[in-house]
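# Secondary and tertiary structure notes
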Amino acid sequence: MLPATSKLCAAISYRHLRNMTGLRRQAAVTISQELSKLARRGSGPSAWISQVRRRSSLLSSRLEEKPFSEMEMSYIKQGEEALQKSLSILGDQDGWKTETVAGNGDKVLSKVLPDVGKVFRLEVVVDQPLDAVYSELVDNMEQMGDWNPNVKEVKILQKIGKDTVITHEKAAATPGNIVGPRDFVSVRCSKRRGSTCVLAGMSTTHGAMPEQEGFIRAENGPTCMILRPLSGSPSQTKLIWLLSIDLKGWLPKTIINQVLSQTQVDFANHLRERLARTVAVNC
């Protein structure tokens, strides 16, 4: 090893790694390892000095990134757990029973899970490309109350990175006020990989939104939507929505099942109408 390189590597190992943790330590270790490799190859001073400068610049840029707090990491983890559990439920094809089949082919299925309760699965085809559907459900989620009568309001309480948000949703009263005012605080995780999008979520708590007077704090999750282009027709989108909700309060199961399955069918129709109006305005 070249003497100068050996001293530099030792300096980094001792002075900089001794008290570093997390991202700082990882980046510094990478620099030290690269210097050692260059030294073993016998690179001259000009070569490895330029490498040090380049790596140091990379380290500085990384240190400027805002790290997630412990609370933010817990929300990210909740979102990931909701996503994985939802996909696991949808991946099990056994035990699903048909609740509703509409004339346009929309259908709702259900099954009972020991640790979750009754879950509902909506399967529909939307005559709009995936990007349009994704934009409406993710980028414009706070506007959902404008087009979905079952939703009174959706408000983003906190954004964490590019994939995770905490939301507060107020459900609109059902006809005849069969189900009284409910609200939800949810962590939502959106993942887009190639031509498939997964939007997952589950109930959580947030300091900015304690229980509200006049609302029963219901719970949802795990829940998710899967979006992908319809096979052979990229201008259409196949949407699968897993719904799992505990409305709380004293409600007969027959009423709950009827309300939830109808809510899914209504959602698909309202989404189609919204997308059709958006396309007409943009044309």
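In the nomenclature of an unreviewed UniProt entry, the protein is known as Steroidogenic acute regulatory protein, mitochondrial of Nyctibius bracteatus. In its Pathway (unreviewed entry) section, the UniProt record describing the protein reads: "Steroid metabolism; cholesterol metabolism." Word for word, the UniProt comment on the protein under Subunit (unreviewed entry) is "May interact with TSPO."

Moving on to the overall build of the protein. When helices and strands are tallied, the protein shows seven helices and 12 strands. With 283 residues in all, the protein has 41% of them scored as buried. As presented, the protein carries roughly 15900 Å² of accessible surface, and 53% of it is formed by carbon and sulfur atoms.

This brings us to the nonpolar core. Most often, soluble globular proteins have nonpolar side chains that are buried together. Judged by nonpolar contacts, the single largest core of 36 residues is most densely connected at Leu122, Val133, Leu137, Leu227, Leu239, Phe267 and Leu271. Among the secondary structure elements, those contributing two or more residues to this core are strand E3 (117-126), helix H5 (130-139), helix H6 (144-147), strand E4 (151-160), strand E7 (196-203), strand E10 (223-230), strand E11 (233-243) and helix H7 (253-282). Sort the elements by how many residues they give to this core and H7 lands first, with eight residues. In this structure, Leu271 is in contact with Val126, Val133, Glu136, Leu137, Trp147 and Leu239, ignoring residues within four places of it in sequence. Among the nonpolar cores identified, the runner-up in size contains 15 residues, and Trp96, Ala200, Cys224 and Ile226 belong to it.

Moving on, we get to the pairing of E7. The buried count for E7 comes to six of eight residues, which makes it a mostly enclosed element. A loop of two residues connects strand E6 (residues 182-193) with E7, the two strands running antiparallel in sequence, and Gly194 in this loop sits at a positive phi of about 65°. By the bridge criterion, five bridges tie E7 to E10 in an arrangement that is antiparallel. Bridging from a neighbouring strand, Gly201 pairs with Thr223 of E10.

Looking now at the environment of Ser110. Here Ser110 shows up in strand E2 (residues 107-113). With 12 residues separating them in the primary sequence, Ser110 and Leu122 have C-alpha atoms 8.9 Å apart. Not counting residues within four places of it along the chain, the set of residues in contact with Ser110 comprises Gly95, Trp96, Lys97, Glu99, Lys118, Val119 and Phe120. Separated by 2.7 Å, the side chains of Ser110 and Glu99 make a polar contact.

Evaluation of the coordinates by the stated rule reveals 16 salt bridges. The salt bridge partner of Arg192 is Asp131, with a shortest N-O separation of 2.2 Å. Linking Arg192 in strand E6 with Asp131 in helix H5, this pair joins segments that are 61 residues apart in sequence. Residue classification places Asp131 among the partly exposed positions, given a relative accessible area of 49%. A salt bridge links Asp163 to Lys162, with the nearest nitrogen and oxygen atoms 3.5 Å apart. Overall, the relative accessible area of 72% leaves Lys162 in the exposed class. Linked through salt bridges whose partners overlap, the residues forming this network are Glu80, Lys162, Asp163 and Lys191.

Attention now moves to the pairing of E11. Direction of pairing for E3 relative to E11: antiparallel, over a ladder of seven bridges. For Phe120, the partnering residue across the bridge sits in E11 and is Leu243. Pairing between E10 and E11: seven bridges, direction antiparallel. Bridge pairing in E11 places Leu227 opposite Leu239. In this structure, the hairpin formed by E10 and E11 is closed by a connection of two residues, where Gly232 is found at a positive phi of approximately 85°.

Rules behind the numbers
Residues numbered from 1 in each chain as written. Predicted model: local features only at pLDDT ≥ 70, side-chain atom pairs only at ≥ 80, totals over all residues. Heavy atoms only, no water. UniProt positions renumbered as here; feature names shortened; annotations may be inferred. Helix = DSSP H or I, 4+ residues; strand = E, 2+ residues; numbered from the N terminus. Buried < 20%, exposed > 50% of the residue type's maximum accessible area, 1.4 Å probe, protein only. Areas by Shrake-Rupley, 256 points an atom, 1.4 Å probe, with all protein chains shown as cover. Core = buried A, V, L, I, M, F, W, Y, C linked by side-chain atoms within 4.5 Å. Contact = heavy atoms within 4.5 Å. Pairing = 2+ DSSP bridges. Polar contact = N/O pair within 3.5 Å; in protein donor to acceptor, adjacent residues only side chain to side chain. Salt bridge = Lys/Arg side-chain N within 4 Å of Asp/Glu carboxyl O.

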